[in-house]
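Topology and contacts: notes
What follows is the residue order along each chain.
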Amino acid sequence: MTSYELGYERGLTRRRFAAGMVAALSAGGLASKVRAEVPKLAIDTHAHVFHRGLKLAPGRRYAPDYDAPLTLYLQQLDQNGITNGVLVQPSFLDTDNSYLVECLKATNGRLRGIAVVDVAVAAEELRTLDRAGVAGIRLNLVGQKLPDLSSPEWTALLAQIRTLDWQVEIQRNASDLATLAPTLLDQGVKVVLDHFALPDPKLGIDDPGFQSVLKLGATRNVWVKISAPYRNGAAGEAFAKQAYPLLRTAFGVDRLLWGSDWPHTQFETTQSYAKNRKFLDELVTDADERARVLASPRELFRF
């Protein structure tokens, strides 16, 4: 027998042995048990953590009178079968991301963060945030004057965001998003739109701004959070059920991101983590599709 033939026979023997072991494990139910013990990736892409000892931003629109600490958030994940989460810097803490970073470091990669930064932030501060697990910045523009995202200072910041391969997350009504998002896309950054893109609650899916947002799906560089339907008016859940098929067609399942919006600031009395997780089952009724929605944020948030 030649050395080639001898090597082939040995390889064949090893493959037969491995196949036999798999068959034996499967017959005994051990293989399925091992697979069952490996949790499927399920990511909550929108939550906030804070406590009353933190310094609040001057000029804030709102500040909660309770604590929403990291330990309580992690309990929500565990109780609802969610493997990973994304902490979004609350607007009332402005650019002080210290508690956010503290929480990210405490969880050894289970969580990622979205920070709020000043437009003139130093490059080294961005790199420090990146090392801590931050994957982007948030522009919460509700009630704010719209920034000129094509100005030199914004262009410089967005160039750094692009270099870090971060995202820019925006909370604003749909009619303005239709203008803001293309400006960001022109500068080569990934864009995430909060809470179903916030159309006019009176118009819902018929809002011209929402219809313009749907056209952004063709860029393949925009994601939409299917989160917090209650922030879209009293009929928010009904709107969400109308909007989801349109968003799925326009963006694809892999560009839709579920978020709990825990602890549901300003809606604490009517909302809970479990209620919002349950609504996802009603919104995305196909189990395989729902699993894809929960797992798809992995690459965007670098889990």
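Just so it is clear, the model here is predicted, and its values are computed rather than measured. (Residues numbered from 1 in each chain as written. Predicted model: local features only at pLDDT ≥ 70, side-chain atom pairs only at ≥ 80, totals over all residues. Heavy atoms only, no water.)

1. Focus on the overall build of the protein
When helices and strands are counted, the protein shows 12 helices and 8 strands. For the protein, with 303 residues in total, the buried portion stands at 49%. Contacts spanning at least 24 positions in sequence make up 75% of the contacts within the protein whose residues lie at least 6 apart. Accessible surface computed for the protein: about 14,900 Å², of which carbon and sulfur atoms make up 54%. (Helix = DSSP H or I, 4+ residues; strand = E, 2+ residues; numbered from the N terminus. Buried < 20%, exposed > 50% of the residue type's maximum accessible area, 1.4 Å probe, protein only. Contact = heavy atoms within 4.5 Å. Areas by Shrake-Rupley, 256 points an atom, 1.4 Å probe, with all protein chains shown as cover.)

2. Topic: the side chain of R277
For R277, the location among the structural elements is in helix α10 (residues 273–283). Beyond its immediate sequence surroundings of up to four residues, R277 is in contact with N80, I82, W258, R290 and L294.

3. Observations concerning the pattern of salt bridges
Applying the stated criterion to the full structure yields 19 salt bridges. The partner of R127 in a salt bridge is E124, and the shortest N-O contact between them spans 3.0 Å. In this pair, R127 and E124 both sit in helix α5 (residues 123–132), 3 residues apart, roughly one turn of the helix. For R231, the salt bridge goes to D261, with nearest N and O atoms at 2.8 Å. Taken together, the positions of R231 in the loop between β7 (222–227) and α9 (236–251) and D261 in the loop between β8 (256–259) and α10 put the pair 30 residues apart, joining distant regions of the chain. The class for D261 is buried, based on a relative accessible area of 1%. Here the salt bridges do not stand alone but share partners, grouping R138, E169, D194 and K225 into one network. (Salt bridge = Lys/Arg side-chain N within 4 Å of Asp/Glu carboxyl O.)

4. Examining empty space enclosed by the protein
Evaluated as defined, the whole model comprises 2 cavities of 30 Å³ or more. If you go around the largest cavity, the residues you meet are V49, L54, K55, V88, Q89, P90, L93, D96, N97, S98, Y99 and L100. In terms of residue count, the dominant contributor to the lining of the largest cavity is helix α4 (residues 98–106) (3 residues). A volume near 50 Å³ is recorded for the second largest cavity. For the lining of the second largest cavity, the secondary structure elements donating two or more residues are β7, β8 and α10. With 4 residues, α10 is the largest single contributor of residues to the lining of the second largest cavity. Class assignment for the residues of the lining of the second largest cavity results in 7 nonpolar, 3 polar and no charged. (1 Å grid on protein atoms, 1.4 Å probe; cavity = no way out; pocket = protein on both sides within 12 Å on 5 of 7 lines; lining within 4 Å. Points joined across faces, edges and corners; volume = space filled by probe spheres on them. Nonpolar A, V, L, I, M, F, W, Y, C, P; charged D, E, K, R; others polar.)

5. Digging into the packing of α9 against α10
Closest axis-to-axis distance for the α9/α10 pair is 10 Å, and the angle between their directions is 40°. In terms of axis orientation, α9 runs oblique to α10. Regarding α9 and α10, the two cross each other, and that crossing is right-handed. Between α9, through E237, A240, K241 and Y244, and α10, the contact on the second element is made entirely by K275, F279, E282 and L283. (Axes fitted to C-alpha atoms, helices over the stretch in contact; angles between N-to-C directions. Parallel < 35°, antiparallel > 145°, perpendicular 65-115°, else oblique. Left-handed = near helix turned anticlockwise from the far one by under 90°.)

6. Remarks on a negative patch on the surface
Taken together, the side chains of D94, D96, D118, E125, D148 and E153 present a region of like negative charge at the surface. Turning to its location among the elements, D118 is positioned in the loop between β3 (111–115) and α5. (Patch = residues over 30% accessible without salt bridge, like charges linked within 9 Å, V, L, I, M, F, W, Y side chains within 5 Å. Lys, Arg positive; Asp, Glu negative; His and termini not counted. Charge placed at Lys NZ, Arg CZ, Asp CG, Glu CD.)

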